[in-house]
Amino acid sequence: MTNKICSFMVPCVFVLTAVFLISGCAEKKKEERIVATINNYKLTAVDFKYESNEILNVGRVLGEMPVTKRDMLDVLITKEVLLQEAVKQNLDKEKDFMRSIELYWEQALLKNLLARKSQEIAKETAVYEDEISRYYNNMRNKIKARVIVFSEEKYADKGMKEKDNLLMAWEQEPQKFAISYTIPSKWYILGEGQSPLEHDIFIVDRVKGKGVVKMNGKWALVIIEDTAPNDVGTLASLKSEIMRRIRAVKGRESMEQWIELLRRKARVKVDEKVFDSLN
């Protein structure tokens, strides 16, 4: 299995929670400056500013990782691609949707689309005995790791080859090496938290002691510093819970891949001048 594992964005938990909570009832003001064009939809500077502020507010409440202006743009592009897919599937014409239209058009449409896709994924997701055994064996150990998150893949790949003392020097010049942020050294126990990163840490090759995983559109360099035994129950007592966790992880990954496919198919054009001029 490759070290570059594509885990579901918290982005997606954070992004989708954010777009669900953004009010769709605000009046749209005419604005000639177009930040991005997604198929036939034009994202204006006014819309970008309004919706990104709402997402930031949600992020503060949820206590998520730092979010940049570029992250905001990616969130809004993903949101629009999903909305267009929901309309394409005629979800906006279904009776269940029509009953909820009085509240939030966009939020209800996204919720219905994602619920339908989740059901499709759940029907197709199988969990095998070797996956259960592997997950259980990982639960029997805890890992101490430090994480450096890069906005550019090339620096994450280069970091794989560098010694730890040089990487620490990199952290003193984050802009030079495209470092977005770091997660200080801590112990991870598989299944204890809800972050997709936790799952990916246990996939990293412990012999090499390092691995790069995809995280929220960025690249996380995981540096394993120590391992220790972790007391857990028997496999028989944990099997049902392990199956549920594996199914959830596979579901997140499948959902992320589907959203990424929609993004690739969409015709997206960003006006970098307008985007850079936004405060």
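Just so it is clear, the structure is predicted and the values come from calculations on it, not from any experiment. (Residues numbered from 1 in each chain as written. Predicted model: local features only at pLDDT ≥ 70, side-chain atom pairs only at ≥ 80, totals over all residues. Heavy atoms only, no water.)

Time to look at the overall build of the protein. Looking only at helices and strands, the protein has eleven helices and seven strands in total. Within the structure as shown, the protein displays about 15900 Å² of accessible surface, and the carbon and sulfur contribution to it stands at 51%. (Helix = DSSP H or I, 4+ residues; strand = E, 2+ residues; numbered from the N terminus. Areas by Shrake-Rupley, 256 points an atom, 1.4 Å probe, with all protein chains shown as cover.)

Moving on, we come to the packing of helix α3 (residues 69-88) against helix α10 (residues 235-265). Running from N to C, α3 and α10 cross one another at 90 degrees; their axes reach a closest spacing of 10 Å. Judged by the inter-axis angle, α3 sits roughly perpendicular to α10. Seen from α3, the contacting residues are Asp74, Ile77, Thr78, Val81, Leu82 and Glu85; seen from α10, they are Trp258, Ile259, Leu262 and Arg263. Partitioning the contact of α3 with α10 into residue classes produces six nonpolar, one polar and three charged. (Axes fitted to C-alpha atoms, helices over the stretch in contact; angles between N-to-C directions. Parallel < 35°, antiparallel > 145°, perpendicular 65-115°, else oblique. Contact = heavy atoms within 4.5 Å. Nonpolar A, V, L, I, M, F, W, Y, C, P; charged D, E, K, R; others polar.)

Before going further, it helps to spend a moment on the pattern of salt bridges. Under the counting rule described, the total for this entry stands at 13 salt bridges. Between Asp164 and Arg146 there is a salt bridge, with its nearest N and O atoms 2.3 Å apart. Of this pair, Asp164 sits in helix α8 (residues 164-170) while Arg146 is found in strand β3 (residues 141-150), placing the two residues 18 residues apart along the sequence. Close ionic contact of Lys154 with Glu152 constitutes a salt bridge, the shortest N to O distance being 3.9 Å. (Salt bridge = Lys/Arg side-chain N within 4 Å of Asp/Glu carboxyl O.)

Taken together, the buried positions of helix α6 (residues 129-139) are occupied by Glu131, Ile132, Tyr135, Tyr136, Asn138 and Met139. When α6 is viewed along its axis, its buried side chains cluster within an angular range of 160 degrees and face the same direction. (Buried < 20%, exposed > 50% of the residue type's maximum accessible area, 1.4 Å probe, protein only. Arc of directions from axis to C-beta.)

One finds Val35, Ile38, Phe48, Leu73, Leu82 and Trp258 to be the most contacted residues of the largest nonpolar core, which totals 30 residues. Those elements giving two or more residues to this core turn out to be β1 (34-38), α2 (45-62), α3, α5 (105-124), α10 and α11 (272-277). Ranked by residues supplied to this core, first place goes to α3 with nine residues. With residues up to four places along the chain from it excluded, the contact list for Trp258 reads Leu82, Glu85, Leu113, Leu114 and Lys117. Counting 25 residues, the second largest nonpolar core, distinct from the first, contains Val127, Val147, Tyr188 and Ile201. (Core = buried A, V, L, I, M, F, W, Y, C linked by side-chain atoms within 4.5 Å.)

Let us look at the sheet that holds strand β7 (residues 268-270). Strand pairing in a sheet takes place through backbone hydrogen bonds and is either antiparallel or parallel in direction. Taken together, the three strands give an open sheet; going across it, the order is β2-β1-β7, and neighbouring strands pair in antiparallel fashion. Pairing within the sheet leaves two strands with one partner each, and these edge strands are β2 (41-44) and β7. On average, each strand axis in the sheet is tilted by 15 degrees relative to the strand beside it, whichever way the strands run. One ladder, built from three bridges, connects β1 with β7; its direction is antiparallel. The residue of β7 that forms the bridge with Ala36 is Val270. Against the sheet, α3 contacts β1, β2 and β7, and its axis sits at roughly 35 degrees relative to β1. (Pairing = 2+ DSSP bridges.)

Time to look at the sheet that holds strand β6 (residues 218-229). Taken in spatial order, the four strands line up as β4-β3-β6-β5 in an open sheet, and their pairing is antiparallel. Where the open sheet ends on each side, the last strands, each with one partner, are β4 (179-189) and β5 (210-215). Geometrically, the sheet is characterised by an average inter-axis angle of 25 degrees between neighbouring strands, direction not taken into account.

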